[in-house]
Structure formats: structure tokens, C-alpha cells
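The lines below spell out each chain.
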Amino acid sequence: MKNSIPPQFSAAHNPFNKKNQFTSFWIKLIPLAICLCFSLTSTAATRTWTGAFNTNWNFPFNWSGNTIPGVSDHVVIPNVTNDPVIMFGVNVSIKSLEIESGGHLTIGVAKILSISNSIDVGIKNYGTIENNGIITIQNTAHQGLTFNSGGLLNNNTGGILNIDDTGDDGIYISDVADGFHNWGEINIGLNGGANNIDGNGIWNRRVLYNYSAGTININNTVDNGLQGNITINNAGAININTVGIHGIWTNSTIINDGTITIENTTSNGILQGGSLNNNSGGIINIDNTGEEGLYINTNNTLNNDGVIKIGVGGGVDNIGQEGIIVLGTVENNATITVKNTAHQGLELNSGGLLNNNSGGVINIDKTGGDGMYFLDVADGFHNWGEINIGLNG
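Keep in mind that what you see is a predicted model, and the values were worked out from it rather than measured.

Chemist: Residue-level account of the overall build of the protein chain, with values.
Modeler: A tally of helices and strands in the protein chain yields one helix and 40 strands. Going through the 393 residues of the protein chain one by one, you find that 49% of them count as buried. In the protein chain, once contacts between residues fewer than 6 apart in sequence are set aside, the share between residues at least 24 apart is 58%. Surface summary for the protein chain: the accessible area is close to 16900 Å², and the carbon and sulfur share equals 53%.

Chemist: Explain the environment of Ser101 residue by residue, including any values.
Modeler: Tracing the backbone shows Ser101 in the loop between β5 (96-99) and β6 (104-107). Its relative accessible area of 54% is what places Ser101 among the exposed residues. Sequence separation between Ser101 and Gly127 is 26 residues, and the spatial gap between their C-alpha atoms is 4.6 Å.

Chemist: Please provide a residue-by-residue account of the environment of Ile160, values included.
Modeler: Here Ile160 lies in strand β13 (residues 160-166). Since its relative accessible area comes to 23%, Ile160 is described here as partly exposed. Between the C-alpha atoms of Ile160 and Thr215, which are 55 residues apart in sequence, the distance is 9.7 Å.

Chemist: Run through the packing of aromatic side chains, naming residues and quoting values.
Modeler: Throughout the structure, instances matching the rule amount to 10 aromatic pairs. Aromatic side chains Trp57 and Trp63 sit 4.9 Å apart centroid to centroid with 70° between the ring planes, which places their arrangement in the edge-to-face category. For the pair Trp57 and Trp63, a shared accessibility class is recorded, and that class is buried. Aromatic side chains Tyr209 and Tyr211 sit 6.0 Å apart centroid to centroid with 10° between the ring planes, which places their arrangement in the stacked category. A relative accessible area of 25% means that Tyr211 is categorised as partly exposed. Aromatic ring contacts, followed pair by pair, group Trp49, Trp57 and Trp63 into a single cluster.

Chemist: Any details on the environment of Thr265? Residues and values, ideally.
Modeler: By the secondary structure assignment, Thr265 is in strand β25 (residues 259-265). On a C-alpha basis, the gap between Thr265 and Glu292 in space is 9.8 Å, while along the polypeptide they are 27 residues apart. Apart from residues lying up to four places away in sequence, Thr265 is in contact with Val243, Ile245, His246, Gly247, Asn288, Thr289 and Gly290. Engagement of the side chain of Thr265 in a polar contact is seen with the backbone oxygen of Ser267, the distance being 2.8 Å.

Chemist: Residues and numbers for the side chain of Asn217, please.
Modeler: Its location among the elements puts Asn217 in strand β19 (residues 215-221). On the accessibility criterion, Asn217 (14% relative accessible area) is buried. Looking at Asn217, its side chain comes within polar contact range of the side chain of Asn187, at 2.9 Å. Excluding residues within four positions of it along the chain, Asn217 makes contact with Ile186, Asn187, Ile188, Leu190 and Asn239.

Chemist: So what about the pairing of strand β34 (residues 335-341)? Which residues, and what values?
Modeler: Among the seven residues in β34, six count as buried, and that is most of the element. Here four bridges tie strand β31 (residues 307-310) to β34, and the two strands are oriented parallel to one another. Counted as the bridge partner of Ile308 is Ile336 from β34. With six bridges joining them, β34 and strand β37 (residues 361-367) adopt parallel strand pairing. Note that in β37 the partner of Val338 across the bridge is Ile364.

Chemist: Can you tell me about unusual backbone geometry, naming the residues and giving the values?
Modeler: The backbone phi angle of Asn139 is positive, close to 55°, even though this residue is not glycine. Its location among the elements puts Asn139 in strand β10 (residues 134-140). With a relative accessible area of 35%, Asn139 lands in the partly exposed category. For Asn220, which is not glycine, the phi dihedral falls at a positive 60°. Structurally, the position occupied by Asn220 is in strand β19.

Each value, and the rule that gives it
Residues numbered from 1 in each chain as written. Predicted model: local features only at pLDDT ≥ 70, side-chain atom pairs only at ≥ 80, totals over all residues. Heavy atoms only, no water. Helix = DSSP H or I, 4+ residues; strand = E, 2+ residues; numbered from the N terminus. Buried < 20%, exposed > 50% of the residue type's maximum accessible area, 1.4 Å probe, protein only. Contact = heavy atoms within 4.5 Å. Areas by Shrake-Rupley, 256 points an atom, 1.4 Å probe, with all protein chains shown as cover. Phe/Tyr/Trp six-rings, centres within 6.5 Å; stacked < 30°, edge-to-face > 60°. Polar contact = N/O pair within 3.5 Å; in protein donor to acceptor, adjacent residues only side chain to side chain. Pairing = 2+ DSSP bridges.

Written out as C-alpha cells, the structure reads:
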């Protein structure tokens, strides 16, 4: 009888056989590779923050499915104990973001949150965003950023918010009593092409605070730069350039202690439906408008204790119609300069009232019509100050 080799030591089962080593290696490697592919390059999904371990955004076990969100994912941040912080590890790129009521997101200094190609809104904020880094939103089907039901944004010193190529307003603020605070830099439409904001730069139904260190730049909008039942408290800089309708159109209050610069509007520079308070130190510059530079509507007031310049920085007839139309009231205690208008420099109309008080100076030059024109004004012109028409042309 021939000696038989036990099966476990035969060539077919010999673990030291090179062929079997190779086969065994791939049998073990293929399932591992499949697992790794699924965990590292997960398909597009909704990823919900749990904060199960800590506050680190880039820790997988803080997320549903134990997977850090990727460029194709929609992210939801609910109200939990450990709020996410983008601080450690790589910068973040996702498709869209929703912060639920009570939810809170912090972007650390010099860290970047990029949101692109959303099929809806880039960020829906019902909670709180503390931005100390850079938020970039682009290529959204609807608004870039919306505030609803108590949403709050603190764009802190050093924080930058960039919004471009939106299918609607750059920022929409609804039902927020006190939700928009800027100490940093906000750029809307600056990095896209013409009309890349397919709506208003900012549509605000409540209150906007731009502090002394803050800058808001709005360009290339199909509609208005700023619109809405909007209360603007500005101590910093607001720059609006190349907009499809008005630079600012509001039915509420503007309180300006900083600088507002508006250029290249299809219609008015400012269409004011509330009170415009340009305080001492406040500067308003308006140039290159398709229609009036400043339009004060019926029953509304311009209180000027600062400097207002209309048409001064542009060429001949750069204000397409009147420099200022007043259907409401102007109380001037400082300096208003109007130049280079296609029509009248200043027009009082339909009950409009101008009180140029002691210390008030009005300069009007280079008009295509009358320096001042009064229409249907029973008792509308009172001067205790200085009015110069044609002296500086």
C-alpha cells in the first residue's frame, strides 16, 4: 500500500505553496477593499450630526452611519449636547446644510466650509452659525443662505462669507427678530459673472446689523442689492454695485453711522419707504443710476446729520433722472451735494417738505433740468441754512 499524504499537507492545501499564497491573499483582500471603498467614498446621502463622542466635525463616529459628510452629501445639524466645530483636520466640502432649531455650528479661524451644487438652498439656518473662518456658497438652485424661525448668524471679526451663482436671493432673512450680525466680510455676487445672483443680494424682513469692522459687498444681482421690510443698522461699509433694479429698496428704517456706496443701478440708488437716518459721521455716495439717485416716498423721512453725495463720483448725467425726489420730508442739518443729473437736481412733489435747518448746506450743480423744482407743494420749502445752486459747476 502506498503511503498517502494527509489532505492538509497536500499541495492543494499546502499553505507554503506559492500559488495558494497568492490565491489566499486576493480572497482576503477583495472583501477588505470593497469595505474600504464603501466607507471612504460613500454615495450621496443625508448625514445627520449626533455628537456622540465630541464636537469634532471630522470624527466619523459623531455622524449617522459613522461617516464624515462628503461633497455630495446633504448635512443636518439638530439640537444636541455636543455642537459641531470645524476646527481640526481638513477643510469641509458638502452639497447643502440645514441647521435645525437649537442646532449650532462653529467654523474655526482660517477653516473653510464650502457648499456647492445644492438642488435647493445652500444653507437653511433655523439655529446658530458662528463663523470665524470662511464660508463659500455657490451654484445653488435657490437662495444661497436663508434664515427662518429664529436663525442667527454671527459673522465674527475675520469671518468671510462668499455667495455666488444662486438661483434666487443671495441671502433671505425671514421671521428673524435679531438674527444677522456682521463684524467681518460678506461678499455676494463678487466672484461670479454678470447677473450671477438671480434675485436680490439680500432680502431682509427684519433687522441687519453691520458693525464698524464689518463690510458687505453686493454685486451683479438681477433684482435689488438690498430689499425688504428691512431695518439696516450700519456702522461699517456697505458697497453695492451693478444691480438690476434699485441699490436699496426698503419699507423700514436705515440707520447709517458708516459708509453706504451705491453705483451702477438700473433704477434708483435708494428707494426709501421708511426713515433714512444718516447720522453724524455717516456718508452716503450714489453714482451712475438709471433713474433717481435718492427717492423719499410719501410719509417717509430723510434725517441728514452727515454727508450725502449724489452724482459726484460719476460723469455728466450719470444720475439718469432727478438727483433727489421728495414726496415725504427732508430734515437737513449737514451737507447734501447733487451733481451731474439728467433732470432736476432736487424735486419736491405731492406734498413733499424740505427743512434746510441751521448748519444745513445743499449744493446743486450740473443739472440737466432745474436746480430745484417744486410741484404741488403747498408749504414745502424752509431754509435756515445755506443753499448753493450752480456755484461749483
